[in-house]
2 protein chains.
Amino acid sequence: MRYTIREVSEKTNISAYVLRFYEKEGLLPHIHRSEGGIRYYTDEDMDLLGLISCLKKTGMQLREIKTFVELSEQGPETLRERCNILRQQQDNVRKQMAELQKSYEKVSHKLAYFSRLLSEYEGTGNP
Amino acid sequence: MRYTIREVSEKTNISAYVLRFYEKEGLLPHIHRSEGGIRYYTDEDMDLLGLISCLKKTGMQLREIKTFVELSEQGPETLRERCNILRQQQDNVRKQMAELQKSYEKVSHKLAYFSRLLSEYEGTGNP
DNA sequence: ACAAGACTTAGAGCTAACTTTAAGTCAATC
DNA sequence: GATTGACTTAAAGTTAGCTCTAAGTCTTGT
């Protein structure tokens, strides 16, 4: 399948601006063009894009993602290094989940406290 | 207890620059000063700072945090609204945790795939 | 074949959240 | 009491990641 930039944009919720920007920055290498120079994206590109947004969502910076993509370009001799990067990222995500859990508890705790204050306040005849 | 900006910075891992910046932006109102104009922070300030970083960590923007702080300034008649904001944020955090979980699975899946490729590659006599 | 509208490029502009600078004031030690 | 170093201010600078503009090219429907 071939997709236009618009189709990709709609499927992925990444704006066409950003798709071009990612390409310019080296995150999406070898995007094919029609004879008139119009981009078209393959399923492989879509797949990479999926990984990119996943890495981005988990806090990896574009420049690190670029490094990862460049390793991918170099073929199987970089597989070990790519695994290491993914393992590192897996670890990061675990830490983020723990952090988020702590924050959740803090917000909940504060909310419980305010709720109590609120019911007390309302109980005094101040609606 | 009274803390200098340096002590607060060390305790919270928020730089003195940022503490002053937050104050300027209205996130930390009523910071006391010594006669010479030097800031000192109270335990109450520390508490607010804890809530601020928690809200920030969970993706709330400074301008929204400022709104929350301003409501706090207005006394108990804004308690209900503050509870609503916290409940909303609690919800946001739940969504973030679900998202993060999905990303974790995606990274793990990709890693498993690459690991398999790697062991195959190494099995062929390419160390 | 031609108008409308999507696409192309390079590069400028924007936003959030810091981060630093410059010029000066204050506090603690020698 | 002088020096050192942390503090003060307003304002400029930085970074990441977009987001848009301008000027031009291509594609598609009538």
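Residues numbered from 1 in each chain as written. Chains lettered and ligands numbered in written order. Predicted model: local features only at pLDDT ≥ 70, side-chain atom pairs only at ≥ 80, totals over all residues. Heavy atoms only, no water.

> Tell me about unusual backbone geometry, and please be specific about residues and values.
Within the chain, Asn13 of chain A stands out as a residue other than glycine whose phi angle is a positive 60°. For Asn13 of chain A, the position within the fold is in the loop between helix 1 (5-12) and helix 2 (16-24). (Helix = DSSP H or I, 4+ residues; strand = E, 2+ residues; numbered from the N terminus.)

> So what's going on with the relation of the copies chain B and chain A? Which residues, and what values?
Mapping chain B onto chain A is achieved by rotating through 180° and translating by 0.0 Å along the same axis, at an RMSD of 0.0 Å. Both copies are brought into coincidence by an operation consistent with a two-fold rotation axis. Distance from the rotation axis, computed per C-alpha, reaches its smallest value in chain B at Met97 of chain B: 3.3 Å. Here 100% of the interface residues in chain B have copies in chain A that are interface residues too; the copies meet face to matching face. (Least-squares fit on C-alpha atoms with pLDDT ≥ 70 in both. Contact = heavy atoms within 4.5 Å.)

> Kindly report on the protein's contact with DNA strand C, identifying the contributing residues and their values.
The immediate surroundings of DNA strand C are formed by 17 residues, with Arg20 and Arg39 of chain A together with Tyr17, Tyr22 and Arg63 of chain B found nearest. The sugar and phosphate moieties of DNA strand C supply 73% of its atoms located within 4 Å of the protein. A distance of 3.4 Å separates a phosphate oxygen of DNA strand C from a polar backbone atom of Leu62 of chain B. Top element by residues in the surface near DNA strand C is helix 2 (residues 16-24) of chain B. It accounts for four residues. Residue composition of the surface near DNA strand C, by class: seven nonpolar, three polar and seven charged. (Near = heavy atom within 4 Å. Polar contact = N/O pair within 3.5 Å; in protein donor to acceptor, adjacent residues only side chain to side chain. Nonpolar A, V, L, I, M, F, W, Y, C, P; charged D, E, K, R; others polar.)

> Requested: an account of the pattern of salt bridges, with residues and values cited.
Once their charged atoms are close, side chains differing in charge can pair, the charge on each being opposite to the other. Scanning all chains against the criterion turns up 22 salt bridges over all chains. With a closest N to O distance of 3.2 Å, Lys110 of chain A and Asp47 of chain B form a salt bridge. Of the two residues, Lys110 of chain A sits in helix 5 (residues 79-123) while Asp47 of chain B sits in helix 3 (residues 43-57), which places them in two different chains. For Lys110 of chain A, a relative accessible area of 17% puts it in the buried group. What makes Asp47 of chain B partly exposed here is its relative accessible area of 45%. Arg116 of chain A serves as the salt-bridge partner of Glu120 of chain A, at 3.7 Å between the closest nitrogen and oxygen. Here the residue Glu120 of chain A and the residue Arg116 of chain A both occupy positions in helix 5, the gap between them amounting to four residues, near one helical turn. What makes Glu120 of chain A partly exposed here is its relative accessible area of 45%. By sharing partners, the salt bridges in this structure join Glu23, Arg33 and Arg39 of chain A into a single network. (Salt bridge = Lys/Arg side-chain N within 4 Å of Asp/Glu carboxyl O. Buried < 20%, exposed > 50% of the residue type's maximum accessible area, 1.4 Å probe, protein only.)

So far we have only geometry, and geometry alone does not tell us how the molecule works.
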